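Letter by letter, the chains look like this.
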Amino acid sequence: MDATFIISVAAMGGLGIIFAFFLVLADKKLRVEEDPVVEKILDVLPMTNCGACGRGGCHVFAEMLVTKQVTVNACVPGGQEVSDKLAELLGVEKVDAQRPIAVVLCRGGNVEAQKSAIYRGEKSCIAADLLGGDKSCVYGCLGYGDCVQACKFDAMAMNDNGLPVVFYDKCVGCAACVEACPRDLIEMHPPEHKLFVYCKSLDKGAVAKKACKVACIACKLCEKDCEVTGGITIEDNLAIVNYELCPQDDVPTKRCPTKCILYGEDEKMTRDSFYSSRLKKAV
Amino acid sequence: MNVVLVFLSAAIVNNLVLSYFLGICPFLGVSRRLDTAVNMGLATTFVMTLAAVITWLINNYILIPFDLPFLQNVTFIITIASLVQLVEMFIRKSSPPLYRSLGIYLPLITTNCAILGLTLFEALREYSLIESLFFGLGGGVGFTLALVLMAGMREELEFADVPKALQGAPMTLLIAGMLALAFMGFAGLLSV
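I will try to describe carefully the structure that is included in this document. Computed from a predicted structure; not experimentally measured.

## Notes on the overall build of chain B
Turning to step 1, where the next piece is worked out: For chain B, the count of helices and strands is nine helices and zero strands.
Turning to step 2, where the next piece is worked out: The order of helices and strands in chain B, counted from the N terminus, is α-α-α-α-α-α-α-α-α.
Turning to step 3, where the next piece is worked out: Taken across its 192 residues, chain B has 45% of its residues classed as buried.
Turning to step 4, where the next piece is worked out: In chain B, 78% of the contacts between residues at least 6 apart in sequence involve partners at least 24 apart.

Next comes the structure, spelled out in structure tokens:
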């Protein structure tokens, strides 16, 4: 047989064996012992790396769960279902999951809020906020949908009035939208909270009313109507609900002249019908 | 002096990506964001430098003495592949966060033609061991430079008003072409 043929087979085979030997050796030396439970936990977790648990991602969360540095209900988007599965997997007691929901606290859309400028820049709230936005109210929603962009769960959308809407069945409470809003209009609330002041304007009554039809004008009617003293207070021209004191009912909302404090309104909300029906009443 | 010339030549004048058009796949695929581009560039530089040295040893002590230069392609490929495996295992053990951020890029490097091209050039030009080391390092620096320049421009491009017909891949390719043209300006600098 041709000598070159034999030599090349031997050389290639020899090299292959040497490389294989080194790789086997390296595998033995450098093998990373990963807890098999971590893999199972990762199967259960949503794997969106949303960061609502306050950790660096699902993988870090799983590792911390194994070493008992976090509890099984700390995965906010997973909710009760994931919490129960994790409890089963790790053999610990089931605990109630806390799932707060995002509430957008501005109802000044294109129809209600006055425009003071024309904005032609980058279509993003952060960029628009640098210039003060195009609405007269400098506290209200800018309407370019940074929060919708931030939502990884398709739980938000912009409606035809230029305001974001949260779909309550889809919201997992990761608070990504809270981070995204440059005007801090979105807050996380547990489902028991149903009474909200949908305004963040700190302007005096007359100024606020001129800029937006549904602004809080600090008339103090809700403060007086609330059954518990201190349940609703007016601070800096804005009504604030104290959720530890205020009973969750619709009593304080009845005499509101601008209808900016509402009870249980978010549940009624649907993407298209809500604003049009509410507008008819307000106008 | 020769070593410096080899390094500069590989990094700038005869840049693997921009004048030999090797490694175009990662050049276009991983240049969308600056931080990933830097990570990919560093990982590639590391593998290139190691590969240049080890393939030099194999070439000069096995392939040439046994008169087997026709096996260069195959040998170099398995060398690079095993090297990447080894590097992957090492990083996984020593630095899990780095492993997680590089995770996807390491297997990509296995089939990066810029590295294979580099090792073949090195054999063709009959560099010495030290020259090979600097050739590998220079090639890696050049690759990183191309990737980082491209990523920087593509990040700026996000805010630019690109005509609709050119959005996405066409604009990226145009920019890559212009960058390559700009690098041709270095051609007269030195010739190695």
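## Comments concerning the pattern of salt bridges
Residue and element names in this part refer to chain A.
Turning to step 1, where the next piece is worked out: Under the criterion given, the structure shown has seven salt bridges over all chains.
Turning to step 2, where the next piece is worked out: Here K115 and D134 are joined by a salt bridge, their closest N and O atoms 3.3 Å apart. You can see K115 sitting in the loop between β1 (101-104) and α5 (125-130) and its partner D134 sitting in the loop between α5 and α6 (146-150), a full 19 residues away along the chain.
Turning to step 3, where the next piece is worked out: By relative accessible area, which is 43% here, K115 ends up partly exposed.
Turning to step 4, where the next piece is worked out: Take D134: its relative accessible area is 6%, and that puts it in the buried class.

## Quick notes on the interface of chain B and chain A
Turning to step 1, where the next piece is worked out: Listed per partner, the contact involves 19 residues of chain B and 20 residues of chain A.
Turning to step 2, where the next piece is worked out: Around 1600 Å² of area is buried between chain B and chain A when both sides are counted, 81% of it from carbon and sulfur atoms.
Turning to step 3, where the next piece is worked out: Among the residues chain B hides against chain A, the three largest losses belong to B:M89, B:K93 and B:R100. Together they make up 29% of the total.
Turning to step 4, where the next piece is worked out: Put simply, the parts of the chain that give the side of chain B that touches chain A at least two residues each are α3 (34-63) and α4 (72-94) of chain B.
Turning to step 5, where the next piece is worked out: Here the side of chain B that touches chain A takes eleven residues from α4(B), the largest share from any one element.

## Some points on the pairing of β1(A)
Residues and elements named next belong to chain A.
Turning to step 1, where the next piece is worked out: Here β1 shows a buried face lined by I101 and V103 and a second buried face lined by A102 and V104.
Turning to step 2, where the next piece is worked out: Sheet analysis places β1 next to strand β4 (residues 186-189), joined by four bridges and oriented antiparallel. Each residue of the ladder has a partner; that of A102, found in β4, is M188.

How each quantity is defined
- Residues numbered from 1 in each chain as written.
- Chains lettered and ligands numbered in written order.
- Predicted model: local features only at pLDDT ≥ 70, side-chain atom pairs only at ≥ 80, totals over all residues.
- Heavy atoms only, no water.
- Helix = DSSP H or I, 4+ residues; strand = E, 2+ residues; numbered from the N terminus.
- Buried < 20%, exposed > 50% of the residue type's maximum accessible area, 1.4 Å probe, protein only.
- Contact = heavy atoms within 4.5 Å.
- Salt bridge = Lys/Arg side-chain N within 4 Å of Asp/Glu carboxyl O.
- Buried area = accessible area lost by both parts, 1.4 Å probe.
- Pairing = 2+ DSSP bridges.

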